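Examining the three-dimensional arrangement
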Amino acid sequence: MNNAERTRRELMIRMIRDFLDGNLAETIDRIPVEMRPRSAEPARCCVYKDRAMLKYRLMALMGFGMEEEDDETRPLRSYLADALAGKNHTAPVLSVCTVGCHGCVDSHVQVSNACVGCFARPCVASCPRQAISVVNQRSTIDRSKCINCGKCMTVCPYHAIIRNPLPCEDACPVGAIGKDEDGLVKIDFDRCIYCGKCFRSCPFSTIMERSSLINILDALRARRPVTAMVAPSVTDQFPGTIDQLFAALRLAGFSSIMEVALGAELTTQHEAAEFFERMARGDKLMTSSCCPAWVEAARRHIPEIVPMVSSTPSPMAYAGQLARKAHPEALTVFIGPCIAKRREAQKDPNVDYVMTFEELGALLAALEIDVISLEAPPLEAPAASYARNFARSCGVNQAILQEIGDSKPDAEHPAIDEKFINGLDRKSMNLLKMYAKGKLPGNFVEVMACTGGCVGGPCSLAR
Amino acid sequence: MSEPCKMKVEICLGTTCYVLGSFRLSALEEQLPPELADRVEVAGAACLGLCKDRNYGKAPFVRINGNRVVDNATIEKVLDALKEELEKCNE
């Protein structure tokens, strides 16, 4: 576990513990100093910068970004009061804390001093732009010609040519993040699909998510009814069984708990029916719609594929309907590994808040609830295993194949030729553009933005 | 010849240890070098209660033979501790 993950989780546990103890307003402005006292070894340039980043991370945990800070002297307890009054979440779910940005150099390929100036010069031969020449017994790249394709890297027998990455920009599948005029990171929210890849990739923890944690904790502490809707990707995220995890959620104060996999059962049924309807009316292709980052990516970057994206609601949307119906008085909280779900929830009246697995882990740790030791009765109505499998790459395809069963294809029910995209990146975005143009075989494409499916989500607890 | 040294490793799967990284330690068993492989028994454990006792440093915790505690545990740290224990036992 790297230092950024560890610090983030320690901070969450601390904040939650103090909030539930009822003294966060008194302690919150002390937390950054207590976690990084003057005697501590700084992880950035100095403990003061470490403290500043902890402060902004606490703001993000309360639903505010650095962008909303108009008075730098304003104490954290004042933001806490605003969060409890519901004045947070006025901006996009991702926040860029430029204070922490290292201002990395632009991604480029360069020759390191491991170059020995060999006789064969495969780098020179492999370069499609004739950008490499040997000067003073060493390969040199002409920046004005180089297109950073990396061919020279792969052929150098000494591994002397390296790529200097710009982690956030390299991770973004849609070119939504980059540096602005002053060399610091900036997200273009007209392009952003909220996949969270930048959040995971930035080695300086500059990208933060505006959390709803405080609002959820406030409801739990006041013993208001709260329904937890646990995403199918929960498998393998916590120690113990799902029965034990549900018992832990109950101890944590959730008044009712449901599996979002129950929603995935409905998504499967409707999506299979929708597939046949579309094929019957002459459509050539349908894509899945359960991944909100993919739906956003289609809308913003591949408009020609939008008519082919399934209109079936996501498992979260169905679960929200079920939860509202069962407990209309309760707040609904989706718990999963996803940042894009925060965005989807903002548009769904049946989902009030989103909590990440990481935040749930921190909540259970703060409450000292030992999941693995709990006595737990088996779930009354467990979801089908195909629905629990929805969160893995190819899981949607398998669920739909199971739903269709082994009925023989006929005129109204053509055979499904299922394909999948396991993780969005620039390459797979290009593949999807080709699918939209009908240039690739297949009539159903499952798309998951995260590699491995939701189980590889940016806010998963164990991966 | 005396009995070969046997050692027991308990990886704390209590929630705090788990959240702070003990889930990564489950790969320990596969990474045991040959001299340790058939002597070491690795098991997950419910909360060892160490996170409440600040004297022990920080989670995640691993306990060896019921008495030696490795804090801020990583696979490397646990392997080093196991090798030390093996030496002690062989003396």
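As a reminder, the structure under discussion sits directly above these lines.
Residues numbered from 1 in each chain as written. Chains lettered and ligands numbered in written order. Predicted model: local features only at pLDDT ≥ 70, side-chain atom pairs only at ≥ 80, totals over all residues. Heavy atoms only, no water.

Listed as interface residues are 18 residues of chain B and, on the opposing side, 24 residues of chain A. A per-residue breakdown of the area chain B buries against chain A is headed by Thr15, Tyr18 and Val19 of chain B, which together make up 36% of the total. Scanning the region where chain B abuts chain A turns up two salt bridges. In this structure, Glu10 of chain A engages Lys58 of chain B in a salt bridge whose closest nitrogen and oxygen atoms are separated by 3.3 Å. Counting across the chain B and chain A interface gives 10 residue pairs in polar contact (both at pLDDT 80 or more). The residue makeup of the side of chain B that touches chain A, split by class, is nine nonpolar, five polar and four charged. (Contact = heavy atoms within 4.5 Å. Buried area = accessible area lost by both parts, 1.4 Å probe. Salt bridge = Lys/Arg side-chain N within 4 Å of Asp/Glu carboxyl O. Polar contact = N/O pair within 3.5 Å; in protein donor to acceptor, adjacent residues only side chain to side chain. Nonpolar A, V, L, I, M, F, W, Y, C, P; charged D, E, K, R; others polar.)

Residue and element names in this part refer to chain A. Structurally, the position occupied by His108 is in strand S2 (residues 108–111). At 2.8 Å, the side chain of His108 forms a polar contact with the backbone oxygen of Asp106. In this structure, His108 is in contact with Arg143, Asn148, Ile162, Arg163 and Asn164, ignoring residues within four places of it in sequence. (Helix = DSSP H or I, 4+ residues; strand = E, 2+ residues; numbered from the N terminus.)

A few words now on the state of the cysteines. One pass over the structure, following the stated rule, counts one disulfide over all chains. Two residues share a disulfide in this structure: Cys5 of chain B and Cys89 of chain B, whose sulfurs sit 1.7 Å from each other. Taking the torsion about the sulfur-sulfur bond, which here is approximately -95°, the covalent link between Cys5 of chain B and Cys89 of chain B counts as left-handed. Of the two residues, Cys5 of chain B sits in the segment before strand S1 (7–12) while Cys89 of chain B sits in helix H3 (residues 75–90), which places them 84 residues apart along the sequence. With relative accessibility at 8%, the residue Cys5 of chain B sits in the buried group. Using a relative accessible area of 40% as the deciding quantity, one classes Cys89 of chain B as partly exposed. With no disulfide of its own, Cys338 of chain A lies closest to Cys450 of chain A among cysteine sulfurs, the gap being 6.5 Å. (Disulfide = S-S within 2.5 Å. Buried < 20%, exposed > 50% of the residue type's maximum accessible area, 1.4 Å probe, protein only.)

This paragraph deals with the sheet that holds strand S12 (residues 331–336) of chain A. All names here are of chain A. With parallel pairing, the four strands of this open sheet are ordered in space as S10-S9-S12-S13. Only two strands of the sheet have a single partner each, and these edge strands are strand S10 (256–259) and strand S13 (353–356). Across the sheet, the mean angle from the axis of one strand to that of its neighbour is 25°, orientation sign disregarded. Bridge count between strand S9 (residues 226–230) and S10: four bridges; the pairing is parallel. (Pairing = 2+ DSSP bridges. Axes fitted to C-alpha atoms, helices over the stretch in contact; angles between N-to-C directions.)

Our focus in this paragraph is the packing of helix H12 (residues 261–280) of chain A against helix H18 (residues 395–404) of chain A. Residue and element names in this part refer to chain A. With their axes 9 Å apart at the nearest point, H12 and H18 run at an angle of 75° to one another. As far as their axial angle goes, H18 and H12 are roughly perpendicular. Facing H12, whose interface residues are Thr268, Gln269, Glu271, Ala272 and Phe276, H18 presents Val396, Ala399, Ile400, Glu403 and Ile404. (Parallel < 35°, antiparallel > 145°, perpendicular 65-115°, else oblique.)

Take H3 of chain B next. Residues and elements named next belong to chain B. With 16 residues, H3 extends 22 Å from end C-alpha to end C-alpha; this agrees with the ideal 22 Å at 1.5 Å per step. Those residues of H3 that fall on the buried side of the exposure criterion are Ile75, Val78, Leu79, Ala81, Leu82, Glu85 and Leu86. Within H3, the buried residues cover an arc of 165° as seen down the axis, which keeps them to one side. Across from the buried face of H3, at angles greater than 90 degrees, the exposed residues are Glu76, Glu87 and Lys88. (Expected span 1.5 Å × (residues − 1). Arc of directions from axis to C-beta.)

On to the packing of aromatic side chains. All names here are of chain A. In this structure the tally under the stated criterion is six aromatic pairs over all chains. With centroids separated by 6.1 Å and ring planes inclined at 85°, the aromatic side chains of Phe275 and Phe444 adopt a geometry described as edge-to-face. With Phe275 in helix H12 and Phe444 in strand S15 (residues 444–448), this pair connects stretches of sequence that are 169 residues apart. Across the pair, Phe444 and Phe275 agree in class, each one buried. Against the face of Tyr79 rests Arg74, its NZ or CZ located 3.9 Å from the ring centre. Sitting over the face of the ring of Phe334, Lys341 holds its NZ or CZ atom 5.9 Å from the ring centroid. (Phe/Tyr/Trp six-rings, centres within 6.5 Å; stacked < 30°, edge-to-face > 60°. Lys NZ or Arg CZ within 6 Å of the ring centre and 35° of its normal.)

A rise of 1.5 Å per residue sets the reference length of helix H14 (residues 315–326) of chain A, with its 12 residues, at 16 Å; its end C-alpha atoms lie 16 Å apart and thus fit the reference within 8%. Taken residue by residue, H14 of chain A has Pro315, Met316, Ala317, Tyr318, Ala319, Gly320 and Ala323 of chain A as its buried positions.

With that settled, the discussion passes to unusual backbone geometry. In this structure, the amide linkage connecting Ala59 of chain B to the following residue, Pro60 of chain B, adopts the cis form with an omega of 0°. Within the fold, Pro60 of chain B resides in the loop between strand S2 (40–45) and strand S3 (62–64). Phi at Ser205 of chain A takes a positive value of approximately 55°, unusual for a residue other than glycine. On the secondary structure map, Ser205 of chain A appears in the loop between helix H9 (197–201) and strand S8 (207–209). Assessed through its relative accessible area of 12%, Ser205 of chain A is described here as buried. Positive phi values are uncommon outside glycine, yet Glu368 of chain A reaches one of about 55°. Here Glu368 of chain A shows up in the loop between helix H16 (357–366) and helix H17 (385–388).

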